[in-house]
Amino acid sequence: MRVLLRCCCGHLPVGGGAGQRSNPRWRALARLSASPGWEDGQGARVREKPPWRVLFFGNDQFARETLRALHAARENKEEELIEKLEVVTVPSPSPKGLPVKQYAVQSQLPVYEWPDVGSGEYDVGVVASFGRLLSEAFILKFPYGILNVHPSCLPRWRGPAPIIHTILHGDTIAGVTIMQIKPRRFDVGPILKQETVPVPPKSTSKELEAVLSRLGANMLISVLKNLPESLNNGGQQPAEGVTRAPKISAATSCIKWEEQTSEQIFRLYRAVGNIIPLQTLWMDNTIKLLDLVEVDNSILSDSKLTGQAVIPGSVIYHKQSQILLVCCKDDWIGVRSVMLKKTLTATDFYNGYLHPWYQKNSQAQPSQCRFQTLRLPPKKKQKKKIVAMQ
């Protein structure tokens, strides 16, 4: 049986069996503190208190902050919270590797590239933004199981992209949950600790990630200080309030001018703009909108906008502010730069494309020269999906 380590960055299904019954040994893991001298199936004595031997699984910047906190705790010889710390990360095309590997190498921590997980003995596993499957048999090798640092207020935003969906849906409250990985089902394990924070106004997913990564790292250290007690006191997740945070694909970035309000488009920009640029269609060409800005009321009172009928997608160059104004369902958004073959400022786009088009079509209305919703062709098997690295 395999269980998915669900985190801020997506997952890659690798398969696994189904229909197996709950392992009694797994149910006993959370009660270890009540069984002094308990030994695992291989005869190794289980530690009842720190320092712990930790195997960490992670990849991205969010995970790096958790690893940094674990490393600092290991270096703190006065507190003696962590005795051993080793790292597992996934291979990367970059010679330097992903942020977790870079940090592990710089800090001279033993690091393995998945599927190599080393051969040492550990008390507990910690997962943050790892995105790979582990077998149940492997999880059960850890006397205290495997903990997951999940950047959401579970059961809200179960899935691989919780931070993105928090921004995308305009949540005013975000949080981090420290939970114990549970076999057979995703993001439903016992909650050991959960804290919430307000989402800063107009925050991007990257900015919120930085806030939650620090919060999650501190929460994990707190849990590890009282690990057996935390496991015993863990509470099941409520059945109500469950929402899903699926992977983000290229189709997510396609603006639907007739359907989306200006607020929804700005949320989309703040949520995924640092991962994949928002996309639209102009004269049968795909164009990427790189820098979106809110439109000042003084600009909206311009006669060019008030003196004629416009439809969603209509694009007008506003010379005084040097931005492109694009009409959406309820209002206007501003665009400072785009990519069409190459990166262009709004002024460059106007001079090179919009103005020549109007010269050739002098009687045309702005609605005839508009951005249109880009419809990406469906894929039967989309092997490559763009995933939030949170």
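Here the structure is shown first, and the text comes after it.
Now for a quick tour of the structure. What you are looking at is a predicted structure, and each value in this text was computed from that prediction instead of being measured.

Side note on helix 3 (residues 99-106)
Stage number 1. Where helix 3 is concerned, the buried positions are Val100, Tyr103 and Ala104. Axial view of helix 3: buried residues confined to an arc of 100°, hence all on one face. Those residues of helix 3 that are exposed and aimed more than 90 degrees away from the buried face are Val105 and Gln106.
Stage number 2. In this structure, the buried residues of helix 3 make contact with strand 2 (52-58), helix 2 (61-75), strand 3 (82-89) and strand 4 (111-113).
Stage number 3. Just beyond helix 3, the residue with positive phi is glutamine 108, at close to 60°.

Let's talk about the side chain of arginine 53
Stage number 1. In this fold, arginine 53 is placed in strand 2.
Stage number 2. Setting aside chain neighbours within four positions, we find arginine 53 in contact with Arg47, Glu83, Lys84, Glu121, Tyr122, Asp123 and Val124.

Description of the pairing of strand 11 (residues 285-293)
Stage number 1. As judged from the five bridges shared by strand 10 (residues 278-282) and strand 11, these two strands associate in the antiparallel manner. Bridging from a neighbouring strand, leucine 278 pairs with leucine 289 of strand 11.
Stage number 2. Between strand 10 and strand 11, which follow one another and run antiparallel, lie two residues, and methionine 283 among them has a positive phi close to 50°.
Stage number 3. Here five bridges tie strand 11 to strand 14 (residues 332-340), and the two strands are oriented antiparallel to one another. Paired with leucine 289 across the two strands is valine 338, which belongs to strand 14.

Topic: the sheet that holds strand 9 (residues 191-198)
Each strand in a sheet pairs with another by means of backbone hydrogen bonds, the pair being arranged parallel or else antiparallel.
Stage number 1. Strands sit in the order 4-3-2-5-7-8-9 across an open sheet of seven strands; the sheet is mixed. With one partner strand each, in any of the chains shown, strand 4 and strand 9 form the two edges of the open sheet. If you compare each strand with its neighbour and ignore which way they point, the axes differ by 20° on average.
Stage number 2. Lying on the sheet, helix 2 is in contact with strand 2, strand 3, strand 5 (124-128) and strand 7 (146-150); it crosses strand 3 at an angle near 155°.

Comments concerning the packing of helix 2 against helix 6 (residues 205-225)
Stage number 1. Closest axis-to-axis distance for the helix 2/helix 6 pair is 8 Å, and the angle between their directions is 35°. Helix 2 and helix 6 meet at a crossing whose hand is right-handed. Across the interface between the two elements, Gln61, Phe62, Glu65, Thr66, Ala69, Leu70 and Ala73 from helix 2 touch Glu209, Leu212, Ser213, Arg214, Ala217, Leu220, Ile221 and Leu224 from helix 6.
Stage number 2. In terms of residue class, the contact of helix 2 with helix 6 is made up of nine nonpolar, three polar and three charged.

A short note on the pattern of salt bridges
Stage number 1. Enumeration according to the criterion identifies twelve salt bridges in this entry.
Stage number 2. The residue arginine 74 makes a salt bridge to glutamate 75 at a minimum N-O spacing of 2.7 Å.
Stage number 3. For aspartate 171, the salt bridge identified is with arginine 156, shortest N-O distance 2.9 Å. Linking aspartate 171 in the loop between helix 5 (162-168) and strand 8 (173-180) with arginine 156 in the loop between strand 7 and helix 5, this pair joins segments that are 15 residues apart in sequence.
Stage number 4. You can call aspartate 171 buried: its relative accessible area is 14%.
Stage number 5. Given the relative accessible area of 30%, arginine 156 is considered partly exposed.
Stage number 6. In this structure, a network of salt bridges that share partners links the residues Arg53, Glu121 and Asp123.

A look at the environment of proline 356
Stage number 1. Position of proline 356 relative to the elements: it lies in helix 11 (residues 346-360).
Stage number 2. Assessed through its relative accessible area of 27%, proline 356 is described here as partly exposed.
Stage number 3. Not counting the four nearest positions on each side in its chain, proline 356 is found in contact with Tyr350 and Asn351.

Examining the side chain of serine 213
Stage number 1. Mapped onto the secondary structure, serine 213 falls in helix 6.
Stage number 2. Residue class for serine 213 comes out buried when judged on its relative accessible area of 6%.
Stage number 3. The contact partners of serine 213, leaving out residues within four places of it in the chain, are Phe62 and Glu65.

Here we look at the pairing of strand 2
Stage number 1. Strand 2 sits mainly inside the fold: seven of its seven residues count as buried.
Stage number 2. Alternating residues of strand 2 divide into Trp52, Val54, Phe56 and Gly58 and Arg53, Leu55 and Phe57, and every residue in both groups is buried.
Stage number 3. Pairing between strand 2 and strand 3: six bridges, direction parallel. Looking across to strand 3, one finds that arginine 53 is bridged to lysine 84.
Stage number 4. One crossover worth recording links strand 2 to the parallel strand 3 by way of helix 2, and it is right-handed.
Stage number 5. Two elements, strand 2 and strand 5, share five bridges in a ladder whose sense is parallel. Note that in strand 5 the partner of phenylalanine 56 across the bridge is valine 126.

Section: the packing of aromatic side chains
Here a ring pair, both rings aromatic, is described through the centre-centre distance and the interplanar angle of the planes.
Stage number 1. Per the counting criterion, the structure on display carries 13 aromatic pairs.
Stage number 2. Geometrically, the ring pair formed by tryptophan 52 and tyrosine 144 is edge-to-face, given 5.1 Å between the ring centres and 65° between the ring planes. With a gap of 92 residues between them, tryptophan 52 in strand 2 and tyrosine 144 in the loop between helix 4 (136-139) and strand 7 connect regions that are remote in the sequence.
Stage number 3. The interplanar angle of 70° and the centroid separation of 5.2 Å between the aromatic rings of tryptophan 282 and phenylalanine 349 together place this pair among those described as edge-to-face. With tryptophan 282 in strand 10 and phenylalanine 349 in helix 11, the pair connects residues that are 67 residues apart, well separated along the chain.
Stage number 4. Judged by relative accessible area, tryptophan 282 falls into the buried class, the value being 4%.
Stage number 5. Of the residues examined, phenylalanine 349 reaches a relative accessible area of 0% and is grouped as buried.
Stage number 6. Among the aromatic residues, ring-to-ring pairing joins Phe57, Trp114, Tyr122, Phe130, Phe138 and Phe142 into one connected group.

Criteria and cut-off values
Residues numbered from 1 in each chain as written. Predicted model: local features only at pLDDT ≥ 70, side-chain atom pairs only at ≥ 80, totals over all residues. Heavy atoms only, no water. Buried < 20%, exposed > 50% of the residue type's maximum accessible area, 1.4 Å probe, protein only. Helix = DSSP H or I, 4+ residues; strand = E, 2+ residues; numbered from the N terminus. Arc of directions from axis to C-beta. Contact = heavy atoms within 4.5 Å. Pairing = 2+ DSSP bridges. Axes fitted to C-alpha atoms, helices over the stretch in contact; angles between N-to-C directions. Left-handed = near helix turned anticlockwise from the far one by under 90°. Nonpolar A, V, L, I, M, F, W, Y, C, P; charged D, E, K, R; others polar. Salt bridge = Lys/Arg side-chain N within 4 Å of Asp/Glu carboxyl O. Right-handed = clockwise from strand over helix to strand, strands pointing away. Phe/Tyr/Trp six-rings, centres within 6.5 Å; stacked < 30°, edge-to-face > 60°.

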